[in-house]
Amino acid sequence: MDAPLYSRTGGYVEPRLAQAEFGVDAISVADLLRSDALLAVVEREVPGFGKMARTPRLYPTLTNVTLREMASFSFFAGVVKPGALERIDAGFRALPTDAWPGL
Amino acid sequence: MTSLRAHLHRREALLLMSGAALSALLPAADALAIGSGFGPGRDQDFDLGWRFSRGSGLAWEAAGLDDSGWRSVDLPHDWSIEDLPNPSPPNRVGPFDAKNEGGANTGFTLGGEGWYRKRFRLTPDAARAEIVFDGVYAVSDVWLNGHLLGSRVHGYAPFAYDLTPHLDPIGDNVIAVRVRNLGENARFYAGSGIYRSVTLNVFAAPARIALWGVAAWTRRITAAGAVIDVTTTIENPEPGLTLRTTLRSASGVVEAKALATAGGEVKQVLRLPKPTLWAPADPDLYTLQTELLRGGRLVDRLSQPFGVRIVAFSADRGMTINGEAVKVRGGCLHHDNGLLGAAAFVDADERRILRLKARGYNAIRSTHYPCARTFREACERHGMLLIEEAFDVWRMPKTKDDYAQFFAEHWRQDLAATVLSARNSPSVIMWSIGNEIPDRASREGLRDAWNLADEVHRLDPTRPVTAAIHSFSGRPVTVGDSTKPREASMIFLDVPGYNYKLEDIEPDHARYPDRVLYASETYPANAFDYWALGESAPYMIGEFVWTAMDYLGEAGIGAAVRRAAPANGAKPPQLPFMQPYPWVVANCGDIDLIGDQKPQSYYRDVVWGVSGLELAVQRPVPVGQVEAVSQWGWSDELQSWTWPGAERRPLAVRVYTFGDQIELRLNGDLVGTRALSAGDKMRAEFAVPYAPGVLEAIAWRQGVEIGRKRLETVAAPAKLRIRAEREQAGSGRHSLSYLMVDVLDATGRLTPDAAIRVSLEVAGPAELLAFGSANPLAVGSLQSNQALTYRGRALAILRAQGSRGEVRVEARGDGVEAGTTRLRLT
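Nothing here was measured: the structure is a model prediction, and the numbers come from that model.

Q: What is the right way to look at the environment of B:L211 in this model?
A: Residue and element names in this part refer to chain B. By the element assignment, L211 lies in strand 14 (residues 208–222). The exposure class assigned to L211 is partly exposed, which follows from the 18 C-beta atoms found within 10 Å. L211 sits 50 residues away from Y161 along the chain, and the two C-alpha atoms are 9.9 Å apart. Setting aside chain neighbours within four positions, we find L211 in contact with E130 and A160.

This is how it looks when you write it as C-alpha cells:
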C-alpha cells in the first residue's frame, strides 16, 4: 500500500457563494445582521434583536450560529416566541435574492 | 515510568569532542550537577536549578542581578496552581480566588507575571548552543547574559533560541525568562510559567542538523517491506560531511541505513525488509537516528522515536492504519495534569494515557493547542492516536486578551513549530487548524483557513488538515472550476471535524458522499449514538468526547445541581454554561481529576465493550427538588448502596449493559427484570426503595450471563489506607509517585461518599508535590499536606528529591485509624 499525500493547491482562489436555498437555517446571525432587509424581517418578530445581538461579547458566537440555534441558547430563552422562526423563515424566502449579503 | 526515561526520551548527551568514542555518553541528564558544564550533546535536561520570582522588577534580565533571594525551582513549574498568599476562606483558598479576572474560565486561578533565571556553564569544547522550550504560558521573553533573544506569544507551541552569539564560553551564562499571563486570555485553565521541559543542545562545530530538521514518513508498505522517505536539513554544511540515517529496532539493532553527502537538504530512502509496524494495539517503535559525520567522527546526532505505519482516510473504509480499518474511540483533553496544574511531567502524562487506554480510548484530540512533548511521546509508546490542534482563535477573539491579538503576526511561526516538532510522531494522524473558530466563513476567515491549510500541506504533506466545526457550517461555496458546493467552513478541510453535530452527520453524508468525517466533540450522554453510527457508517471514523478527563477551568460545564422543582412537573431550566465560584473544575470528564472513573465512564465502558455490566445509583434528590444536568454533565451517580437517611425512599438505580436481559435483586429478593433492545441504548433504570444490604444486578445476552455487579451498604469510616501505585520508582527529580488515600470502613470496604480531612507526613528523599481530591469545588490547597477526601478518596503526588532511599508516607484523619505505606526510590 502507498501512503496518501495531501498536496498544496496552488494560489488562493476566493470561494464563491453557490446558489442555495434561502431561509432561516441557511445564514449565520452575524451575516443576517449585515443585511438591512433580513434584519427588518427579524425585528418584526423580535423587536430589538439587532441591538441585543450586536453585544460585543456575543458577536464571535454569532458568526457560526443560525437564528434557530441562537434561540435555543439559555441566554435567549423566551426572546424568540413560538412560531416566530417559521414566520421569519417565510419572510426570508419572500425577499429577493439580492437582499442576501455576500461572503 | 521514569526508569524508562533514558531509553524513551533519547536524552543522550553525546560527547562530540574531537576523537571521542561514539559510545562515550555523558551521564543521564538528571545526574548532571548544577553548575557543571554542559558539553556537546542534544536534548540535555535543563529543567533543574532555576530561580523564580513572582512579580516584576527593574532589569531582572541583567546578567549581574543578585537573584540569590529568589525561590529555587525545578521545572516544569506552574505558579498558578500554587497557594495564594493571605487565604481567606471560602472566597480565597489554595490557588483559587473568587475575584480572579479569569473567572470561571480559568477555574478562578491567577496569572500575573513571573521571572525565571538560571546560571550555567559550557565545557571548553562547546562551540554553539541552543535552548529549546517545550511550552511557556503565556507571553515569554528570553534573555541570555542580558541580551534579548526573542519573544513568543502562543503559550503552547515549542520554540528555541540560538544562544551562540551571546555565550560566554568560559564563564557563567545567565538565562532570564520573563513570563506574563495577563488579562482574560484563556477559556480554560492554562497555567502560568515554564510549565513544560526545557532542554539544551550543545554543538562542537557549526555544522548541525537543523532544529526539527528531520522529516520521515512511511511511503509504502508491501510484502517486500517498508519504504521510508527521510528528508534532513543541515545547517552550516561544510565539505566533507556525511549524513548517516539509521532505523534501530527496540533492541538496538540497525535494520535500515542510508548514507549521503551532507548538503543543505538531503533526501534519503530507508528500506526495511521485515518491518514491525506501529498501530494502536501494537505500538512498536523504532529509533530514527540521524548522524552528521566528518571522516568517521561524529559531529551531531539526533535520535527520535519512529513508527512505521500508513494512515489513510476514505469514505468507504473510514480510517485505516496499515490497511486495517480502525474506529476512533477518542476523547478531547486539555493539558493540565489535575492537581499538578499545567506542569508536564513524563510520569503524569504517562499516567493519563494509561488510564485512558484502560478504558478503551485509542485517540486524543489535544484541545485546543498542541500537547506537551512528554504527552505526545507517551501516546507513541502506548499506541494512542493524536490530533494536534494549533489554534482556538484566529483573528476574532473569544476572550478579550487572547491570542487573536497576535494571530496575524505570529500564526505562521507558531503553526510551523506545532507541525515541525511533531511531524515524525506515529501517533499524530491529523493537524487541526482550529477549534470553533469565530468568523471562519467570512471572506477574511476563508482566506485564513486556506492559508493555514496550505501551510500545513507545505510543512507536512503526509497528513490531512482538519478543524473542529460546530453549529452552522456556513453557506455553500465553490472554488475555482469546481461545481460541487461545500459548506464554507469545510471547503479547505481534508477531514472535517463535527462538534456536537450528531443530527447533521447522516444528512451531510447524503449530500457529500465522498466526505470522511469524525465527531470532534460530543456529549457524554451520546456515547451510544456515536458508537452505533460508527458501526454502521464507514465514513464516520469515530468520536472524541468532551472530555476524556476532568480539567481545571470552564468551571462546572458538566455540573449536575439541585434546583427547586418547577411547578406542574415542568422541566428544570437549562443550566448556565458555567457555574459560579466555588466551582473550579469543568466536571465533564469520563475520568476525574485524580484519575478515577466517573459514572459516564462506566456507561462508556459498556458501550465500548470494556465491561458487560455496570451499576450506579443516583444520589437521593431531596423532596421538592430536581436534579438539573448540563449537556456535558451526567447525573450525580455513585457506585454505592450506602444512603443513610434515605430508607424506604425510592432511589434511581441505573443499569448499563450490552446484554439483552437484566435482573435486579435487593438482599436476595427480586426487584425487577428488564428486556433491553437497541432503543434502550444499553441503559435501564429501576426505582428501588432503599434498604441497607446488597443490591445486585445480573445481565444476560442471548441467554448467557455476561456480568454480575454488587453494591454493598458499608459502615462508617474507620480507617485510612494509603497505597503507592508503584512500590518502586526512580529517584531523579522528574520521577513522580502517585499514592491513593482511601477511606475504609472497619471491614476494609471503601466508603464511597466519605469526606474526611486527611493530613499526610512524608519521610525520606521525596517531597509532597500535590495533595487533593477530585472535588470539582474549591475546598483548599492542592499543595499542602492536608486534603479533604471526596467520594472516599484523595491523591498524593510525590516528587523524588534526587537521591535513592525509602520513603514512608503516613495518612492521618480525625476519628479514623491512620494508614502508612512505603516505597523505594532507586
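Having seen it, we continue.
Q: Sorry, what's going on with the nonpolar core here?
A: When a protein is soluble and globular, its nonpolar side chains tend to lie buried together. B:I131 and B:I433 are the most contacted members of the largest nonpolar core, which has 237 residues in total. With sequence-adjacent residues up to four places away left out, B:I131 is seen in contact with B:F46, B:A160, B:Y161, B:L163, B:I175, B:V198 and B:L200. Grouped together as the second largest cluster of nonpolar side chains are 18 residues, A:L33, A:V42, A:A53 and A:F92 included.

Q: Got a minute to help me understand the interface of chain A and chain B in this structure?
A: It is common to report an interface's size as the accessible area lost on association of the parts. Counting from both sides, the interface comprises 28 residues of chain A and, opposite them, 43 residues of chain B. The class makeup of the residues in the side of chain A that touches chain B is 16 nonpolar, seven polar and five charged. As paired strands, strand 1 (residues 16–17) of chain A and strand 31 (residues 476–478) of chain B are joined by two bridges and run antiparallel to one another. Bridged to A:R16 within strand 31 of chain B is B:T478.

Q: Looking at this structure, how should I read the pairing of strand 45 (residues 704–712) of chain B?
A: Successive side chains on a regular strand alternate, one facing one side of the sheet and the next facing the other. Residue and element names in this part refer to chain B. Inspection of the sheet shows strand 44 (residues 694–701) paired to strand 45 by eight bridges, in the antiparallel sense. Note on strand 45: the bridge partner recorded for E696 is R710. Between the end of strand 44 and the start of strand 45, which pair antiparallel, lie two residues, with Q702 showing a positive phi angle near 50 degrees.

Q: Explain the packing of helix 2 (residues 36–45) of chain A against helix 6 (residues 84–94) of chain A here, please?
A: A packed helix pair is summarised by two numbers, namely the angle formed by the two axes and the spacing between the axes. Residues and elements named next belong to chain A. As a packed pair, helix 2 and helix 6 sit with axes 9 Å apart at the nearest point and diverge in direction by 155 degrees. Considering the angle they form, helix 2 stands roughly antiparallel to helix 6. Like other packed secondary-structure pairs, helix 2 and helix 6 cross with a definite hand, here right-handed. Every residue of helix 6 that contacts helix 2 at L38, V41, V42 and E45 is listed here: A84, R87, I88, G91 and F92.

Q: Explain the pairing of strand 16 (residues 241–248) of chain B to me, please; I cannot follow it from the model alone.
A: All names here are of chain B. Side chains L241, L243, T245 and L247 project from strand 16 onto a buried face, and the interleaved T242, R244, T246 and R248 project onto a face without burial. Examined bridge by bridge, strand 16 and strand 17 (residues 254–261) share seven bridges and lie antiparallel to one another. Bridge pairing links L243 to A260 in strand 17. Where strand 16 folds back onto strand 17 in an antiparallel hairpin, the turn is made up of five residues, including G252, whose phi is positive at roughly 95 degrees.

Q: What exactly am I supposed to notice about helix 8 (residues 599–607) of chain B here?
A: Since the α-helix turns once every 3.6 residues, residues separated by three or four places project in the same direction. Residues and elements named next belong to chain B. In terms of burial, helix 8 is a largely internal element, nine of the nine residues being buried. For helix 8, the complete set of buried residues consists of P599, Q600, S601, Y602, Y603, R604, D605, V606 and V607. Buried positions along helix 8 lie against helix 7 (527–536), strand 37 (613–618), strand 39 (637–638) and strand 40 (650–657). Of the residues flanking the end of helix 8, it is G609, one or two places downstream, whose phi is positive at about 80 degrees.

Q: What's the story with helix 2 (residues 346–358) of chain B in this structure? I'm lost.
A: Residues and elements named next belong to chain B. Here helix 2 is 13 residues long and its end C-alpha atoms lie 18 Å apart, about the 18 Å a rise of 1.5 Å per residue gives. Every buried residue belonging to helix 2 is among V346, D347, A348, D349, E350, R351, R352, I353 and L356, and all of these are buried. Phi turns positive one or two residues past the end of helix 2, at G360, with a value near 95 degrees.

Cut-offs and rules
- Residues numbered from 1 in each chain as written.
- Chains lettered and ligands numbered in written order.
- Predicted model: local features only at pLDDT ≥ 70, side-chain atom pairs only at ≥ 80, totals over all residues.
- Helix = DSSP H or I, 4+ residues; strand = E, 2+ residues; numbered from the N terminus.
- Buried ≥ 20, exposed ≤ 12 C-beta atoms within 10 Å, placed from the backbone.
- Contact = placed C-beta atoms within 7 Å.
- Core = buried A, V, L, I, M, F, W, Y, C linked by C-beta atoms within 7 Å.
- Nonpolar A, V, L, I, M, F, W, Y, C, P; charged D, E, K, R; others polar.
- Pairing = 2+ DSSP bridges.
- Axes fitted to C-alpha atoms, helices over the stretch in contact; angles between N-to-C directions.
- Parallel < 35°, antiparallel > 145°, perpendicular 65-115°, else oblique.
- Left-handed = near helix turned anticlockwise from the far one by under 90°.
- Expected span 1.5 Å × (residues − 1).

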